[in-house]
Amino acid sequence: MPARLPQDTPVMVIGAGTMGSGIAHVAARTGHPTVLLDLDAAALDRGRASIEKDLAFLRDKGRLTPEAHDATLARLRLSSELADAGPCALVIEAIVEDVAVKRRLFAQLEALVADDAILASNTSSISITELAAGLAHPGRVAGMHFFNPAPRMALVEIVAGLVTDAAVVDTLHSTALAWGKTPVIAQSTPGFVVNRVARPYYAENLRTLTEHACDAATLDALLREAGGFAMGPCELLDLIGLDVNLMVTKSVFGALGFDGRYAPSLIQEELVRSGRLGRKSGHGFFSYAPQSPKPVPRTAAPEAVVARVTAPHRVGGLEALVDRLAAAGIEIRRVPREESAHLQIGDARVELS
């Protein structure tokens, strides 16, 4: 297996927002001297406070020893000087989703770090190939995309651009494993893996809101309770940041030739224009003020429980539904497919193709 970065190797994370501070937490906690850099002193203070809060929670819950808690904080250093990247073998940028800004940053970093240092981007959708173009050593640029909150979410996308060195991908993959993550290797395609798959989850639900077919609280409840999602689309957008998610949507939309299925939502754009960015601003689809009431979904009146379901022996994709009905104690009457081409649930009839 390719070697991970040595545990005592310095790492820099640029951008002290929610994602950047979370990545710095992960790197410092797994043994790396870690520099968290931001030009905004207030952002640095918030980033460190967030890391301290997370570490204290883990310590108080018995998931982290007091010694490990103190050692992690001792390995963390705040900086506003890009020159501090010099000794770092890995620099991960977690700044604004803007191609031009990221490319300027990488050009500056290339003049500061060693020739074999890895430059990684936490971008969730921007082309790694484009970010590396024009650098003297483009092969050392790769994506290392974490998910929010980075200390808790296991998945990390390791993204290879057109000219990314295979050794760089291998090192990042092994390092992510050593950091307790579940890395997946992806190519630099629009949205990589997760955001390509996730776009319809956001887009279809935002379209439902646009058409006034459902309110946000009810939509979230439906997706959680009927769809099995851990979070509904609106509360998830509030967690990620409506502005961050919108930039990703626009990036994927353009990269896919402006396919209408991936078009940005006017509702989301209006919320961003108004400054309602989600939890970080105190208001998004929902309010996060201290005394704000919890969102309440609209609930239909209960109806009589279905006593029996009639189903052919083969119902294709609806088999999971039949299994759930059976698990709920409902009698399932199976009939040959040639006798019936529909699923009968009480008074509801579902025609099968």
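Before reading further, recall that the structure is shown in the block above.
Rules used throughout
- Residues numbered from 1 in each chain as written.
- Predicted model: local features only at pLDDT ≥ 70, side-chain atom pairs only at ≥ 80, totals over all residues.
- Heavy atoms only, no water.
- Phe/Tyr/Trp six-rings, centres within 6.5 Å; stacked < 30°, edge-to-face > 60°.
- Helix = DSSP H or I, 4+ residues; strand = E, 2+ residues; numbered from the N terminus.
- Buried < 20%, exposed > 50% of the residue type's maximum accessible area, 1.4 Å probe, protein only.
- Contact = heavy atoms within 4.5 Å.
- Salt bridge = Lys/Arg side-chain N within 4 Å of Asp/Glu carboxyl O.
- Pairing = 2+ DSSP bridges.
- Axes fitted to C-alpha atoms, helices over the stretch in contact; angles between N-to-C directions.
- Parallel < 35°, antiparallel > 145°, perpendicular 65-115°, else oblique.
- Left-handed = near helix turned anticlockwise from the far one by under 90°.
- Nonpolar A, V, L, I, M, F, W, Y, C, P; charged D, E, K, R; others polar.
- Polar contact = N/O pair within 3.5 Å; in protein donor to acceptor, adjacent residues only side chain to side chain.

Draft legend 1. Quick look at the packing of aromatic side chains. Inspection of the entire model under this criterion finds four aromatic pairs. Here the aromatic rings of Tyr201 and Phe229 are separated by 4.4 Å at their centres, their planes lie at 20°, and the arrangement is stacked. Residue Tyr201 is found in helix α7 (residues 194-210), and its partner Phe229 is found in the loop between α8 (216-225) and α9 (233-240); the two are separated by 28 residues along the sequence. For Tyr201, a relative accessible area of 14% puts it in the buried group. Each residue in the set Tyr201, Tyr202 and Phe229 is aromatic and connected to the rest through ring pairs, giving one cluster.

Draft legend 2. Examining the side chain of Glu269 more closely. Note on placement: Glu269 falls in helix α11 (residues 266-273). With a relative accessible area of 17%, Glu269 lands in the buried category. Excluding residues within four positions of it along the chain, Glu269 makes contact with Leu246, Lys250 and Pro264.

Draft legend 3. Structural detail: the pattern of salt bridges. Here the structure, examined in full by the defined rule, presents 15 salt bridges. A salt bridge links Asp54 to Arg152; its shortest N-O distance comes to 3.7 Å. Of this pair, Asp54 sits in helix α2 (residues 41-60) while Arg152 sits in the loop between β6 (141-145) and β7 (155-160), and the two are 98 residues apart along the sequence. For Asp54, a relative accessible area of 16% corresponds to the buried category. Here the salt bridges do not stand alone but share partners, grouping Glu93, Glu97 and Lys102 into one network.

Draft legend 4. Representation of α9 in the model. The set of residues buried in α9 consists of Pro233, Cys234, Glu235, Leu237 and Asp238. Next to the buried residues of α9 lie α7, α8, α10 (242-255) and α11. Once α9 finishes, Gly241 follows within two positions and takes phi at roughly 110°, a positive value.

Draft legend 5. Structural view of unusual backbone geometry. Of note, the bond from Asn148 into Pro149 is cis; its omega dihedral lies within 30 degrees of zero at 0°. Along the chain, Pro149 falls in the loop between β6 and β7. Not every positive phi belongs to a glycine, and His212 is a case in point at roughly 55°. Taking the relative accessible area as the measure of exposure, His212 reaches 72% and is therefore exposed. One non-glycine residue, Phe258, adopts positive backbone phi at about 60°. On the secondary structure map, Phe258 appears in the loop between α10 and α11. Residue class for Phe258 comes out exposed when judged on its relative accessible area of 57%.

Draft legend 6. The arrangement of the sheet that holds strand β12 (residues 348-351) in detail. Within the open sheet, the four strands sit side by side as β10-β9-β11-β12. Their pairing is mixed. The open sheet has two free edges, formed respectively by β10 (331-335) and β12, since each of these has just one partner strand. With strand direction ignored, the average angle separating the axes of adjacent strands in the sheet is 15°. Sheet analysis places strand β9 (residues 308-312) next to strand β11 (residues 342-345), joined by two bridges and oriented antiparallel. Directly across from Thr310, in β11, lies its bridge partner Gln344. Where helix α12 (residues 319-327) meets the sheet, its contacts fall on β9, β10 and β11, and the angle it forms with β10 comes to roughly 140°.

Draft legend 7. Expanded view of the packing of α2 against helix α3 (residues 66-75). Relative orientation of the contacting elements α2 and α3 amounts to 170°, with a least axis distance of 9 Å. Between α2 and α3, the crossing angle belongs to the class labelled roughly antiparallel. Where α2 crosses over α3, the handedness of that crossing is right-handed. Across the interface between the two elements, Arg48, Ile51, Glu52, Leu55, Ala56 and Arg59 from α2 touch Pro66, His69, Thr72 and Leu73 from α3.

Draft legend 8. Structural view of the packing of α7 against α8. Direction vectors running N to C along α7 and α8 enclose 140°, while the axes themselves pass 10 Å from each other. When the axes of α7 and α8 are compared, the pair comes out oblique. Relative to α8, α7 is oriented so that their crossing is right-handed. Between α7 and α8, the residues in contact are Tyr201, Asn205, Thr208 and Leu209 and Ala216, Leu219 and Leu223, respectively. Here the contact of α7 with α8 is composed, by residue class, of five nonpolar, two polar and no charged.

Draft legend 9. Main features of the side chain of Thr123. Along the chain, Thr123 falls in the loop between β5 (118-121) and α5 (128-132). Since its relative accessible area comes to 0%, Thr123 is described here as buried. A polar contact of 3.0 Å, which involves the side chain of Thr123, links it to the side chain of Glu97. A polar contact of 3.0 Å, which involves the side chain of Thr123, links it to the backbone nitrogen of Ile126. Residue contacts for Thr123: discarding those within four places in its chain leaves Glu93, Glu97, Lys102, Ile128, Leu131, His145 and Phe192.

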